[in-house]
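# Structural overview for review
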Amino acid sequence: MAEALATTIIDAPVETLWAVLRDFNGLPVWNPGVRDSAIEDGRDADSVGCIRAFTLGDGTFVRERLLELDDSRYRLAYNFETPAFPVENYLATLDLIPVTNGDKTFVRWWASFDEAAADKGKYSALISEAVFAGGLKALAGHVAKHGAQPAYVHRWQGLRPAKVFTSSVIHAPLPAVWERMRDFAGMKHWHDDIPQMEMIGGVRPDKVSGVRDFIFGEGQLHEQLTWLSDRDHAFRYRILKSPMPWLNYHAGAQLYPVTDTGHTFAVWTADWVAAPQDDLELIPNVHGNVFQKAFDTLDQQLGV
């Protein structure tokens, strides 16, 4: 299985970009590599299962089927019906994630597919660079020049994605950021309000089920690691002990490479149950004083 990937940060709100991208028939509007496009059988462009038939600048005829369209998570997925390249089982996804530290958007375009043994690596590089990276550059230029009226005014429909959603760009390579963040007992090194943090029982900080004991402000917390993935550059944890008035606290972070700059896009979310009046204080405190402050410190320590 081969893969292609390109990511970038575009200086526009997620609603603006989504208004452009959710039009499955809109490629010629923003992508100069596409000459024309039409939706077959007179279907609407936001009808899942519809097929767009389009012609590339070099005359190549392509057909792609819309497999997924998500207005609440800003994602679409499609496959090849008539492929642009000699590959099989092609599945591509466009995913938009808002950057809360500045009203920008992280855009990720990736695909998986099978290529012939003789073509190993050829189409991964071609699609990553010429199609995806080139397309994202064109998208950024189009939005900067023309903009778009957002079709949806409410960013999170259905209370998605969590009580706290914090995202930020860290101006350092993903491996360097992940090396710091995957150490479940290491937050004392990159958050000024955590003077000490240790794993209970002296277990390794990469032990899933391990519990970290630390002081935050005047309170003591125990947090248990519930998931750690070096493949996805992500972790999750839950609170076992806390002075805060919440229940069932679960949180997690994930890192994404920004392929055109070599930087890192970081997302940290948290959910819990608490009284509405308590959430008025808890939500902004976790967002600004915990998650964003941690990202800012990492950016200061590692940023290049």
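The shown structure was predicted, so the numbers you read here are calculated from the model rather than taken from an experiment. (Residues numbered from 1 in each chain as written. Predicted model: local features only at pLDDT ≥ 70, side-chain atom pairs only at ≥ 80, totals over all residues. Heavy atoms only, no water.)

## So, the overall build of the chain
This is how it is decided: Numbered from the N terminus, helices here are DSSP runs of H or I no shorter than four residues, and strands are runs of E no shorter than two. Only the C-alpha atoms count toward the radius of gyration. The rule for a globule is 2.2 Å times the residue count to the power 0.38. Three labels apply to residues, based on accessible area from a 1.4 Å probe with only protein chains included: buried if under 20% of the type maximum, exposed if over 50%, partly exposed otherwise in between. Whether two residues are in contact is decided by their heavy atoms, any of which lying within 4.5 Å being enough. Only four residue types enter the charge count: Lys and Arg as positive, Asp and Glu as negative, with His and the chain ends excluded. To locate a charge, take NZ of a lysine, CZ of an arginine, CG of an aspartate or CD of a glutamate.
Counting its regular elements, the chain contains 5 helices and 14 strands. Taking 304 residues into account, the globule formula puts the C-alpha radius of gyration at 19 Å, and the chain, at 22 Å, falls close to it. In terms of overall dimensions, the chain has C-alpha extents of about 65 × 45 × 35 Å along its principal axes. Relative to its 304 residues, the chain shows a buried fraction of 47%. Within the chain, contacts between residues separated by at least 24 positions form 52% of all contacts whose residues are at least 6 apart in sequence. Counting 28 positive and 40 negative side-chain charges, the chain places the centres of these two groups 2 Å from one another.

## Some remarks on the nonpolar core
Filter applied, for reference: Put simply, a nonpolar core is a bunch of buried Ala, Val, Leu, Ile, Met, Phe, Trp, Tyr and Cys residues held in one set by side-chain atoms that sit within 4.5 Å of each other.
Grouped together as the largest cluster of nonpolar side chains are 41 residues, with contacts concentrated most on Tyr90, Phe113, Phe132 and Leu139. Beyond its immediate chain neighbours, meaning those up to four positions away, Leu139 contacts Ile10, Leu17, Val20, Leu21 and Trp30. In this structure, Leu174, Phe214, Trp246 and Ala251 belong to the second largest nonpolar core, which totals 39 residues.

## A closer look at unusual backbone geometry
A positive phi angle, near 55 degrees, is found at Asn89, a position not held by glycine. Inspection of the secondary structure puts Asn89 in strand E6 (residues 87–99). According to the relative accessible area criterion, Asn89 is exposed, its value standing at 56%. At Asn248, a residue that is not glycine, the phi angle is positive and equals roughly 55 degrees.

## Observations concerning the confidence of the model for the chain
Just so we agree on the cut-off: pLDDT measures how confident the predictor is about each residue, on a scale from 0 to 100.
Chain-level statistics for the chain give a pLDDT mean of 93 and a share of 96% at 70 or above. In the model of the chain, helix H1 (residues 14–21) stands out as the element of lowest mean pLDDT, 92, in contrast to helix H4 (residues 174–181), which has the highest, 98.

## Some thoughts on the pattern of salt bridges
The following threshold applies: Definition used for salt bridges: Asp or Glu carboxyl oxygen within 4 Å of a side-chain nitrogen of Lys or Arg.
Tallying each qualifying case throughout the model produces 14 salt bridges. Of the charged contacts, one joins Arg22 and Asp46 as a salt bridge, the two residues approaching to 3.5 Å between their closest N and O atoms. Of the two residues, Arg22 sits in the loop between H1 and helix H2 (27–30) while Asp46 sits in the loop between strand E2 (34–39) and strand E3 (51–56), which places them 24 residues apart along the sequence. For Arg22, a relative accessible area of 15% translates into the label buried. The residue Arg75 makes a salt bridge to Asp95 at a minimum N-O spacing of 3.3 Å. Note that Arg75 is positioned in strand E5 (residues 75–82) and Asp95 in strand E6, a separation of 20 residues in sequence. The class of Arg75 is partly exposed, set by a relative accessible area of 29%. Within the structure, one salt-bridge network assembled from shared partners comprises Arg22, Asp46 and Asp71.

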